[in-house]
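Descriptive analysis of the structure
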Amino acid sequence: MKNHYFIDTQFMYMTGQYDRCGKFCAQVTDTNGTFMVDQSPIEILNASIQSIGFNYRGALETSRKLLGDIHMCPIMVNPIHRIVVFPTRSHKHEDAIWLNPLQIKRTISFNNQTMVYFINGSHVVIPNRLYSFNTKLQTAEQLEKMTRGSDTKTIHFILDPAKRRTKDKK
């Protein structure tokens, strides 16, 4: 069991689990595997957001301001790496699963649930209907786009060799 964890670009999803002593911890899956962390999912989110100078409450408020007062808001965890996570249930529920949309390759319906395929080839079954899950996924992607800023403002210089100054040769 790891003592702490910070969400990075390899993060795929996490869920809350009780350890054998009855402490609420997080089971984290990233591209390297699955492991337990001696923090709750909300503690991991808060620590990850605080590591860049913000906090969970502020990220939640910002999300609600940008997206409207919706339930189960996605959270911008790291604006530098464009990491947004979203819950399958309200963040107040211990059985919420937090997912990173950047790692999701495809979703399909599976027995009134959603099968989520990740870019590394692994998959997980989420206890949400496909339409509901995809709506949450799209909302998370929308938050990422809204907070991206204006990446398209670039300056272009065109050098015309004919207009270059050259030394006059005498």
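Here, every reference points to the structure presented above.
Residues numbered from 1 in each chain as written. Predicted model: local features only at pLDDT ≥ 70, side-chain atom pairs only at ≥ 80, totals over all residues. Heavy atoms only, no water.

So, on to the pattern of salt bridges. Overall, the coordinates contain three salt bridges when judged by the stated rule. One salt bridge in this structure joins Glu-144 and Arg-82, with 3.1 Å as the shortest N-O distance. Of this pair, Glu-144 sits in helix α3 (residues 130-147) while Arg-82 sits in the loop between β4 (75-78) and β5 (83-87), and the two are 62 residues apart along the sequence. Considered together, Glu-144 and Arg-82 belong to a single accessibility category, that of buried residues. (Salt bridge = Lys/Arg side-chain N within 4 Å of Asp/Glu carboxyl O. Helix = DSSP H or I, 4+ residues; strand = E, 2+ residues; numbered from the N terminus. Buried < 20%, exposed > 50% of the residue type's maximum accessible area, 1.4 Å probe, protein only.)

Pairing between sheet strands relies on hydrogen bonds along the backbone, with the strands arranged either parallel or antiparallel. Spatially, three strands are ordered β7-β8-β9 in an open sheet, and the strand pairing comes out antiparallel. Whereas interior strands pair on both sides, the edge strands pair on one side only; in this sheet they are β7 (104-110) and β9 (123-126). Between one strand and the next, the sheet's axes are offset by a mean angle of 25 degrees, whatever the strand orientation. Summarising the sheet, strand β8 (residues 113-118) and β9 pair through four bridges and their orientation is antiparallel. Following the sheet pairing, Thr-114 is matched in β9 by Ile-126. Here α3 sits on the sheet and contacts β7, β8 and β9; the angle it forms with β7, its principal contact strand, is near 160 degrees. (Pairing = 2+ DSSP bridges. Axes fitted to C-alpha atoms, helices over the stretch in contact; angles between N-to-C directions. Contact = heavy atoms within 4.5 Å.)

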